[in-house]
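Structural description and commentary
Given next are the chains, with one letter for each unit.
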Amino acid sequence: MKILAIESSCDETAAAVVEDGRRVLSNIVATQIDEHKLYGGVVPEIASRRHCESITAVVDEALSQAGMTLAETDAIAVTYAPGLIGALLVGVNFAKGLALAAGKPLIPVHHIKGHIAANYIAHPELEPPYLCLAASGGHSHIMRVYDYTHFETIGRTLDDAAGEAFDKAARAMGFPYPGGVHIDKASKNGDSRKYKLPHPKTENPYDFSFSGLKTNVINLVHNAAQKGEQIDVNSLAASFQFTVADILSYKFVHAAMEYGYKTAALAGGVAANTTLRELMTDRCKKQGIRLYVPPISLCGDNAAMIGAQAYYEYLAGNISDGSLNAAATMPL
Ligand code: KG4
Ligand code: ZN
């Protein structure tokens, strides 16, 4: 089954063709980052406009690289939630139009379920059940993946998501948006033990809280500036990165042990982080847990992951019609 998938939840306009949930026939991503960078973050109105401008060409390119016409696809999938509402609406309405015009089923996909499904593309042997850590700009979730379409969240962030904390801390350190990748690069030349940062306590041991940690970094930078002191940015980046990765991986592995999981997966934009990948891999290995990590190219937003999840949503009968709407928030 060949699914044409569309993703427009934030600042990437993306389309892909994926066969049977696992084989990517094309994967096109048009990023808007350079434009949003000027404003230090995503400007929702600009994002919607750029999606409108790019989506036709991006979908055409995805079909043409897959060597297919719209009529030859079996279904149209689209990210319908969560994300920027104006951005999501562009993809949802475009997908509805295509599905109606071509007489194809329309499959709505939850963005975070898509991130998790990126692992199915990279790891043909991976099948539920397993425990997943999904860390992105909007989510930090520990999830029990019961089967391809049923999930239970056992831990989540109480305030900032991991990626959001990375981006805000990065901004304080003087890096451009999105700062996560810049912190990652700077960390390579820093000493992660130089700055002591807090490990916030949470009532539920599997919840996260990153806002205090982020504020600590911001205060450190501001205090140093007021006193005319020099910050060792590389070491502050390394200390911050290590602390976030330490918290995420420590809690995740404990959850896996408590719930008896021997299979685990990492997902979301923050899954690209070097230290998080290393700590998760080491700690899972020590406990005999097989960890699946998506390739860097599939960690950030893309439509191939949406096409992968869409296949399983289709098999589960989760098909929509012209009444499909987008939603800015949506539980898993
Ligand atoms: O999943 P994603 O592409 O979009 C959302 O669904 O939010 O995640 C984007 C987030 C941003 O906060 C970005 O800074 C972060 O992922 N990110 C990273 C790295 N690459 C992307 N954070 C830390 N280290 C990285 N290498
Ligand atoms: Zn995402």
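What counts, and where the lines are drawn
Chains are numbered independently. Their residues run from 1 in the order of the written sequence. To read the labels, note that chains go from A and ligands from 1, taken in the order they are written. Local features are withheld for residues below a pLDDT of 70 in this predicted model, meaning they are given only at 70 or higher, and side-chain atom pairs are given and counted only at 80 or more; totals for whole chains, interfaces and linings count all residues. Calculation of side-chain values draws on the structure's entire complement of heavy atoms; hydrogens and water are dropped beforehand. Between 30 and 60 degrees the pair is tilted, below 30 it is stacked and above 60 it is edge-to-face, where a pair is any two Phe, Tyr or Trp rings, Trp via its six-membered ring, whose centres lie within 6.5 Å. Comment: elements are numbered from the N terminus, with helices defined as DSSP H or I runs of at least four residues and strands as E runs of at least two. Here the term donor refers to an N, O or S atom within 2.8 Å of the metal (or 3.2 Å for Na, K and Ca), and because water is left out of the atoms, sites may appear incomplete. Partly exposed describes any residue whose relative accessible area lies between the buried limit of under 20% and the exposed limit of over 50%, with all areas from a 1.4 Å probe on protein chains only and scaled to the type maximum. Pairing between two strands requires that DSSP report at least two bridges joining them. Working convention: axes come from line fits to C-alpha atoms, limited for helices to the stretch in contact. Angles between N-to-C directions cover 0 to 180 degrees. Contact criterion: two residues are considered in contact whenever any of their non-hydrogen atoms come within 4.5 Å of each other.

**Concerning the packing of aromatic side chains**
As enumerated under the stated definition, the model contains eight aromatic pairs in all. Measuring from ring centre to ring centre gives 5.2 Å for F166 and F240, while their planes differ by 85°; the resulting arrangement is edge-to-face. Of the two residues, F166 is situated in helix α5 (residues 162-172) and F240 in helix α8 (residues 233-259); the sequence distance between them amounts to 74 residues. The rings of Y120, Y130, Y148, Y311 and Y312 are connected pair by pair, giving a single aromatic cluster.

**Structural notes on the coordination of the zinc ion (ligand 2)**
When four donors bind a metal tetrahedrally, each ideal donor-metal-donor angle is 109.5 degrees, and when six bind octahedrally, the ideal angles are 90 or 180 degrees. Each protein donor to the zinc ion (ligand 2) is listed here as H111 (NE2), H115 (NE2) and D301 (OD); together their distances run 2.0 Å. All donors of the zinc ion (ligand 2) come from a single chain, and their spacing in sequence reads H-x3-H-x185-D. Of this pair, H111 and H115 are both found in helix α4 (residues 111-122), four residues apart, which corresponds to roughly one turn of the helix. The same class applies to H111 as to H115, namely buried.

**Comments concerning the sheet that holds strand β4 (residues 75-81)**
In space, the five strands of this open sheet follow the order β3-β2-β1-β4-β5, with mixed pairing throughout. The open sheet has two edge strands with one neighbour each: β3 (23-31) and β5 (106-110). On average, adjacent strands in this sheet sit at an angle of 20° to one another, irrespective of strand direction. Bridging between strand β2 (residues 12-19) and β3 involves eight bridges; their strand directions are antiparallel. The residue bridging A14 from the neighbouring strand is V29, located in β3. Each of β1 (2-7), β2 and β3 is contacted by helix α2 (residues 44-65), which is oriented at about 25° to β2, the strand it contacts most.

So far we have only geometry, and geometry alone does not tell us how the molecule works.
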